[in-house]
Each structure stands twice: as C-alpha cells, then as structure tokens.
Amino acid sequence: MMLAIEPILYAGAIGLIAIGVAGMALSRHGFRIVLALALAEAGANLLLVLGGFREGGVAPILVGGGNTASMVDPVPQAMVLTAIVIGVGVQALAIALLIQVKEHLGPIDRQGLRDAMEADIDRHAGLPLPESLDRPLSREGER
Amino acid sequence: MRRFTSLLFAGGLAFLLFSLVATLDFGDPPMRIGSGILAQAPAQVGTANIVTAVVLAYRGIDTLGELSILFAAATAAGLVLARPGRAVSAPKPGGFVLRVGADLLLPLLVVIGLYIIAHGHLTPGGGFQGGVILAAAFFLPLLASPGREPTHAGLSLVEGLAGGGFILIGLLALWQEGAFLEPLLGTGQLGALLSGGTLPLLYLAVGLKVGAELSALLARLMGEGHDVGD
C-alpha cells in the first residue's frame, strides 16, 4: 500500500502547530506554556521549509558545478534560520521572566499566580484581607 | 467550557492551515523569487551555500535586525534577572571526571565552532550554528564547576566588537558600492575557502556575537537557578 507522503508531512507540521496552540491555551503551569510555544514554533518552521520544497530537489549547496535548477527554494530556509534564533531569544526571555515570577510571587500556575497578584494588589491598595467583612465584594465569576 | 473552546480554536486553526495548504501544489513552490536567486546567486555572490547568500547578501539587513532582536532579548533577560548585591551561594563543583572532561572538551568545541563558522559559505553551517557551538563550549566548564564566575565584561566586549564589525562592513559597502551590506572584495573562486567576498567575515561577526550572547544568557540563567530551585 502506497501512502502519499505530502499529507503526512503537512499533517506533522500542522499537527505540531495545533498541539502547541492547544497546549498554550490549556496548560496551567507557566513552564508548560513556554514548552508549548516551542512546539508551535517547531511546527511553523517545518511548514515554512515544506513550502519551499521542489519535486526531486536537493539542498541548495553547489557541489562541483552542479546545476541550480534542481535545488529547493533557499528563501524559506534562510527565514527558518532567522526564526530559530529569534525563538531561542524569546524562550530565554520567557524563562527569565518565569524565574522572577517564581521568586517574587511563588506559584507559576495560572490560578495561583492570579491569586498572588490579586493579594499583592490588595495589599498595596490597603484593602482589608479577604476574610474581613469590611472588604468590598469582588465581581462574581472573576475567579 | 474553557477547555472546549481552546480545543475548538486549535482544531479550527489546523483546519484553516490544512485548507490553505491543500490549495498549493506540493513540490512546486509558488514563489518565483527562490528560482531567481538560485539562478543568479553563484555569479553574483559566489557562495557555494546559497542559503548563506540569501541570509547575508540578499537579506543582510534582516539578519542585522535579527541580531538586534537577539541582543534585545539577551539584554532584557539580563535586566530581568540582574539584582546587584545578591549573595549567590556557591554550589558544589562537579566531580573530577566531569571537570576534566569539560576542560578537555572546551578546545575541541571551540575548534569545531570556528570551523563551522568559517565554512558557512561552503557547507551547511554558518555563524548561527557555529555560534551556538561556541556558546556550548564556554558554558560547559561553567556547568562542571558552577562556582567559577563568568567574565561578563569580556563577553560584552566580544559581542560589541562583533556587532560593530558587522555594521562597519555594511557601512563600508554603502560607501564603496552604494548599497548597505553589499558583498565586497569580489566573488572569488566558487567553492574555495576564501570566496564570497566579505560574506565569511560577516558570518564570523555573526558567529562571535551569537556565541557571546548565548553564553552570557546561559550563565545568567544558571546563576539564577541556584537559589530558586531549593
């Protein structure tokens, strides 16, 4: 049985993007969100490289006066080279921010982070503690 | 509910991409610029690796922008993590085998990194890939004996010189040829180590900059990890 190769390649790249996006939307922990972002980036890079593929093409490197007509498109490859490096920078910055959040607020899951931030804002605003009856009612459905 | 909408969104995105991709012919890229570059690059730029010609000659300004993004990210990470006057408890250094192994690997990794940078215009390699290997080379001894202080001043100096060199070569080309980052010095013989004009020099600058930036970044992240993990 012959399976066509194109749907598999595209499904891999698009599947990685979908998994990454779903992971970013569904994860609670900050570090998992960063990992999901890295997955989505890998999928996007794969899709870009696939977009430059040419039937029977070889890598765009001249060896011993080969002809250039049979080479794949070099522009998406150069773009992916750029995207990978930028991805590394973004991930490093995200992890640095996560480290600071963990140090200052404690938890880095979404719910705990929101609670910690609200408690922090309340403390700076001089609001009474949540247990106190003097506290103004918060909007329902916020948490 | 939230879970359902998230999954719906991801599924919709995948469907959208699939339907976009289905309109394209596989193996026949619709962009014509790639074929044009493939036809012209060997004579115009003279690099055997045509991706290098795209990265440094046709899209040279984009590479400069990318370098500035990397610089901005590294600076921002340093800014976020930097807190002066904080006592870092020195962790235990690694064992004898680990330390000696790291010291032995350092020169080998530096040689490989420089080789990959120097052959970026001939083989699948270049400044970014080689720069990452250089960063790994300088980060390895830090991993093996974490007490050792990284020399941030030296790294910033290398980074600044490399970035300045890249822009200087570009400005020189602007002065000589009338276009920023236009390749100078002729194309040379295709496939020779000394070919492609100023492109190997540009890639050397990129490699040094990427290596210095990444190793400074990793060292900062590692210095932070000691008192957070416990």
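This structure is a prediction, so every number in the text was calculated from the model and none was measured.

We now examine the overall build of chain B. A count of helices and strands for chain B gives eight helices and zero strands. Helices and strands in chain B line up, N terminus first, as α-α-α-α-α-α-α-α. Residue burial in chain B is summarised as follows: out of 230 residues, 37% are buried. Counted over contacts in chain B with a minimum sequence separation of 6, partners at least 24 positions apart contribute 72%.

All buried positions along helix H2 (residues 33-44) of chain B are accounted for by Gly34(B), Ile37(B), Leu38(B) and Ala41(B). Axial view of H2(B): buried residues confined to an arc of 105°, hence all on one face. Away from its buried face, by an angle of more than 90 degrees, H2(B) presents the exposed residues Gly36(B) and Ala43(B). Residues of H2(B) that are buried in the fold lie against helix H3 (74-105) of chain A together with helix H3 (50-58) of chain B. Phi for Gly46(B), located one or two positions after H2(B), is positive at around 80°.

Here we come to the packing of helix H1 (residues 5-26) of chain A against helix H2 (residues 30-51) of chain A. For any two helices packed against each other, the geometry comes down to the angle between their axes and how far apart the axes lie. Residues and elements named next belong to chain A. One way to put it is that H1 packs onto H2 with a least axis distance of 7 Å and a crossing angle of 155°. On the basis of the axis angle, H1 is roughly antiparallel to H2. Crossing handedness for the pair H1 and H2: left-handed. Two secondary-structure elements touch here, H1 through Leu9, Tyr10, Gly12, Ala13, Ile14, Leu16, Ile17, Ile19, Gly20, Val21, Gly23 and Met24 and H2 through Arg32, Ile33, Ala36, Leu37, Leu39, Ala40, Ala42, Gly43, Ala44, Leu46, Leu47 and Leu50. A per-class count over the contact of H1 with H2 returns 19 nonpolar, four polar and one charged.

Moving on to the confidence of the model for chain B. Of the residues in chain B, 89% reach a pLDDT of 70 or more, and the chain-wide mean stands at 80. Prediction confidence for the complex, expressed as pTM and ipTM, is 0.79 and 0.79 respectively.

Attention shifts here to the interface of chain B and chain A. When the parts of a complex come together, some accessible area is lost, and that lost area is often used as the size of the interface. Taken together, the contacts link 47 residues of chain B with 40 residues of chain A. Residues of the side of chain B that touches chain A, tallied by class, amount to 35 nonpolar, six polar and six charged.

Before going further, it helps to examine the nonpolar core. Membership of the largest hydrophobic core comes to 59 residues, with the highest contact counts inside it found for Ala53(B), Val54(B), Leu202(B) and Val206(B). Among the elements of the structure, H3 of chain A together with H2, H3, helix H4 (60-81), helix H5 (96-118), helix H6 (127-144), helix H7 (152-177) and helix H8 (199-228) of chain B are those that each provide at least two residues to this core. Considering each element in turn, this core owes the most residues, 13 residues, to H8(B). Contacts of Leu202(B), omitting those with residues within four sequence positions, involve Leu56(B), Phe166(B) and Ile169(B). Judged by nonpolar contacts, the second largest core, of 13 residues, contains Ala13(A), Ala18(A), Ala10(B) and Ala14(B).

Contact pair H3(A) / H3(B): the axes reach a minimum separation of 9 Å and the direction vectors enclose 60°. Considering their axes alone, H3(A) and H3(B) lie oblique with respect to each other. Considering only the axes of H3(A) and H3(B), their crossing is right-handed. Packed against H3(A), whose contacting residues are Pro74(A), Val75(A), Gln77(A), Ala78(A) and Leu81(A), the element H3(B) presents Ile50(B), Val51(B), Val54(B) and Val55(B) at the interface. Grouping the constituent residues of the contact of H3(A) with H3(B) by class yields eight nonpolar, one polar and no charged.

The next point concerns H3(B). Of all nine residues that make up H3(B), nine are buried, and the element is covered over most of its length. Burial in H3(B) covers these residues: Ile50(B), Val51(B), Thr52(B), Ala53(B), Val54(B), Val55(B), Leu56(B), Ala57(B) and Tyr58(B).

The next point concerns the environment of Leu81(A). All names here are of chain A. With respect to the helices, strands and loops of the structure, leucine 81 is situated in helix H3. For leucine 81, a count of 21 C-beta atoms within 10 Å translates into the label buried. Taking the C-alpha atoms as reference points, leucine 81 and asparagine 45, separated by 36 residues in sequence, lie 8.9 Å from one another.

Right, let's get into the environment of Glu103(A). All names here are of chain A. Along the chain, glutamate 103 turns up in helix H3. Since 13 C-beta atoms lie within 10 Å of it, glutamate 103 is described here as partly exposed. For the pair glutamate 103 and leucine 26, spaced 77 residues apart in the sequence, the C-alpha separation amounts to 24 Å.

Conventions and cut-offs
- Residues numbered from 1 in each chain as written.
- Chains lettered and ligands numbered in written order.
- Predicted model: local features only at pLDDT ≥ 70, side-chain atom pairs only at ≥ 80, totals over all residues.
- Helix = DSSP H or I, 4+ residues; strand = E, 2+ residues; numbered from the N terminus.
- Buried ≥ 20, exposed ≤ 12 C-beta atoms within 10 Å, placed from the backbone.
- Contact = placed C-beta atoms within 7 Å.
- Arc of directions from axis to C-beta.
- Axes fitted to C-alpha atoms, helices over the stretch in contact; angles between N-to-C directions.
- Parallel < 35°, antiparallel > 145°, perpendicular 65-115°, else oblique.
- Left-handed = near helix turned anticlockwise from the far one by under 90°.
- Nonpolar A, V, L, I, M, F, W, Y, C, P; charged D, E, K, R; others polar.
- pLDDT = per-residue confidence, 0-100.
- Core = buried A, V, L, I, M, F, W, Y, C linked by C-beta atoms within 7 Å.

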